[in-house]
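Secondary and tertiary structure notes
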Amino acid sequence: MLSKKLKNTLMAAVGACIISSSVVAADFPSKDIRLIVPWPAGGGADAISRKISNIAEQSLPKSIYVENIGGAVTATGLMQMTRSRPDGHTVGVLTYDSVITLPRGKMVPGYSLEKMTPIARITREADAIVVSKHSGYNNFEELIDAAKANPNTVRIGVAPKGSGPFLAVRRLEKELGVSFNVITYPGSSSAEAEALLSGELDAAISSLGDFSGIIGSGDAKGVIELSSEQNPSFPGVPPISSLGYKLETGSFILLAAPKNTPKESIATLESAFKTAFDSREFQDWVTTIGVTPSWLGSTDVQAWIDELQSSTFKVMDDLNL
């Protein structure tokens, strides 16, 4: 048994840790906050993360700076986040791949959502099919008719197996009875945009926001959005529900901190980002890039993640993916 003196020493040490932790949380943030974006600079997730963090830091005594750490389908950057000191000064950006692709495939040893504390969901954006002007297709029906007439010849670009766009194209093939020549592109959608420009691809699947540049220039055209609602930023692109199909896929942006980050620090971060989210500046800007602002706070976002994983993994099981 422990002596009374040793017990008192241990209790004092625990008490000191609790007090120290409380003091640290009360002083948060005591230095600039590092926001890890696990994709290269220039993509949609990077742009949104930079925009909202630039506004959020106005509510804090310190700055927020973005660091792009790509690799391993977001795992490289997010594992750096989870290994950081859990004091709130390091935050990570999670996308579809972070929540679905990596956990489903158990692709990277040591990667786990259980090592993170979700802060909030910022946006949601539906996947869409975009065609190159070189393809000759003017609408979704023409694209599908060509795929039916000549199986495995219509070239369609998507992110690698396990991604949302890859799942979307396989679901389309099954539901519409067609076969595409599916070509995968690792990394951000910029590679697919370049392939559409060069004529290497007939079509590609990602968000309309990801392709807004080449859509605006006339080099590509959105023909369908995999959604049940009309996107007000792209009124000329119909939702697939308008054609009688029920198929909704897409991505999102979440914020998370390392597990065991003090609740007070999480609350401070959530408040700053919520203020930024609600600002007219962010609301106006995010809709111009075709993305839907969609907030879920820390008390609700974990349940949403659990439900998303459950429903998506069931679809993958049904498709043997």
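Keep in mind the model is a prediction, meaning the values are calculated, not measured. (Residues numbered from 1 in each chain as written. Predicted model: local features only at pLDDT ≥ 70, side-chain atom pairs only at ≥ 80, totals over all residues. Heavy atoms only, no water.)

Right, let's get into the pattern of salt bridges. Throughout the structure, instances matching the rule amount to 10 salt bridges. Across the pair arginine 50 and aspartate 46 runs a salt bridge, and its minimum N-O distance is 2.9 Å. Here arginine 50 pairs with aspartate 46, and both are found in helix α2 (residues 44–56), just 4 residues apart, close to one helical turn. A relative accessible area of 5% means that aspartate 46 is categorised as buried. Note that aspartate 278 is salt-bridged to lysine 274, the shortest N-O span being 2.7 Å. (Salt bridge = Lys/Arg side-chain N within 4 Å of Asp/Glu carboxyl O. Helix = DSSP H or I, 4+ residues; strand = E, 2+ residues; numbered from the N terminus. Buried < 20%, exposed > 50% of the residue type's maximum accessible area, 1.4 Å probe, protein only.)

The next subject is the side chain of aspartate 97. Tracing the backbone shows aspartate 97 in helix α4 (residues 96–105). For the buried residue aspartate 97, which engages in no salt bridge, the nearest side chain bearing the opposite charge is arginine 104, 12 Å off. When neighbours within four sequence positions are excluded, aspartate 97 is seen to be in contact with Trp39, Val73, Thr74, Leu102, Pro103 and Ser163. (Lys, Arg positive; Asp, Glu negative; His and termini not counted. Contact = heavy atoms within 4.5 Å.)

This part is about the packing of α4 against helix α11 (residues 301–318). α11 packs onto α4 with a crossing angle of 50° between their chain directions and a minimal axis gap of 11 Å. Taken together, the axis directions place α4 and α11 in an arrangement best described as oblique. Crossing angle aside, the handedness with which α4 passes α11 is right-handed. Residues Tyr96, Val99, Ile100, Pro103 and Arg104 of α4 form the contact with α11, whose participating residues are Ile305, Leu308, Gln309, Thr312, Phe313, Met316 and Asp317. Among the residues forming the contact of α4 with α11, the class breakdown is 8 nonpolar, 2 polar and 2 charged. (Axes fitted to C-alpha atoms, helices over the stretch in contact; angles between N-to-C directions. Parallel < 35°, antiparallel > 145°, perpendicular 65-115°, else oblique. Left-handed = near helix turned anticlockwise from the far one by under 90°. Nonpolar A, V, L, I, M, F, W, Y, C, P; charged D, E, K, R; others polar.)

For any pair of aromatic rings, the description consists of the separation of the ring centres together with the inter-plane angle of the planes. Inspection of the entire model under this criterion finds 4 aromatic pairs. For the ring pair phenylalanine 277 and tryptophan 295, a centre distance of 5.4 Å and an interplane angle of 50° mean the geometry is tilted. In this pair, phenylalanine 277 is assigned in helix α9 (residues 263–278) and tryptophan 295 in strand β10 (residues 292–296), connecting sequence segments 18 residues apart. Both residues of the pair, phenylalanine 277 and tryptophan 295, belong to the buried class. With 6.3 Å between their ring centres and 35° between their planes, phenylalanine 282 and tryptophan 285 make a pair best called tilted. Within this pair, phenylalanine 282 and its partner tryptophan 285 are both found in helix α10 (residues 280–288), separated by 3 residues, close to a single helical turn. Note on phenylalanine 282: relative accessible area 0%, which makes it buried. Three or more aromatic residues joined by ring pairs make a cluster, and in this case those are Phe277, Phe282, Trp285 and Trp295. The lysine or arginine in question, arginine 121, covers the ring of tryptophan 304, its NZ or CZ lying 4.7 Å from the ring centre. Directly above the ring of tryptophan 295 sits lysine 274, whose terminal nitrogen or CZ lies 5.8 Å from the centroid. (Phe/Tyr/Trp six-rings, centres within 6.5 Å; stacked < 30°, edge-to-face > 60°. Lys NZ or Arg CZ within 6 Å of the ring centre and 35° of its normal.)

The next subject is the layout of surface pockets. Each pocket or cavity is described by its volume, and for the largest pocket that value is around 880 Å³. Considering the residues around the largest pocket, the lining is formed by 35 residues, among which Arg124, Leu226, Glu248, Thr249 and Gly250 are closest to the centre. Element by element, the count of residues in the lining of the largest pocket is highest for α11, at 6 residues. Considered class by class, the residues forming the lining of the largest pocket number 12 nonpolar, 15 polar and 8 charged. (1 Å grid on protein atoms, 1.4 Å probe; cavity = no way out; pocket = protein on both sides within 12 Å on 5 of 7 lines; lining within 4 Å. Points joined across faces, edges and corners; volume = space filled by probe spheres on them.)

Close contact between α2 and α10 brings their axes to 10 Å; oriented N to C, the two are set at 165°. By the criterion of interaxial angle, the relationship of α2 to α10 is roughly antiparallel. Handedness of the α2/α10 crossing: right-handed. Residue-level contacts link Ala47, Ile48, Lys51, Ile52 and Ile55 of α2 to Glu281, Phe282 and Trp285 of α10.

We now examine unusual backbone geometry. The step from phenylalanine 28 to proline 29 runs through a cis peptide bond, and the omega angle for that step is -5°. Mapped onto the elements of the fold, proline 29 is located in the loop between α1 (4–26) and β1 (33–37). Even without being a glycine, lysine 106 presents a positive backbone phi close to 45°. Of note, lysine 106 is situated in the loop between α4 and β4 (116–132). With relative accessibility at 74%, the residue lysine 106 sits in the exposed group. At asparagine 152, a residue that is not glycine, the phi angle is positive and equals roughly 65°. Within the secondary structure layout, asparagine 152 lies in the loop between α5 (140–149) and β5 (155–158). Judged by its relative accessible area of 48%, asparagine 152 is partly exposed.

Bringing the nonpolar core into the picture now. By size, the foremost hydrophobic cluster in this structure holds 32 residues, and its most contacted members are Ile119, Ile122, Leu255, Phe273 and Phe282. Looking at this core, the elements with two or more residues in it are β1, α2, β2 (64–68), β3 (90–94), β4, β9 (250–258), α9 and α10. Ranked by the residues each element gives to this core, the list is headed by α9, at 6 residues. Setting aside residues no more than four positions away along its own chain, phenylalanine 282 makes contact with Ile48, Lys51, Ile52, Ile55, Ile122, Thr123, Ala276 and Phe277. Val131, Ala147, Val178 and Ile240 belong to the second largest nonpolar core, which has 26 residues in total. (Core = buried A, V, L, I, M, F, W, Y, C linked by side-chain atoms within 4.5 Å.)

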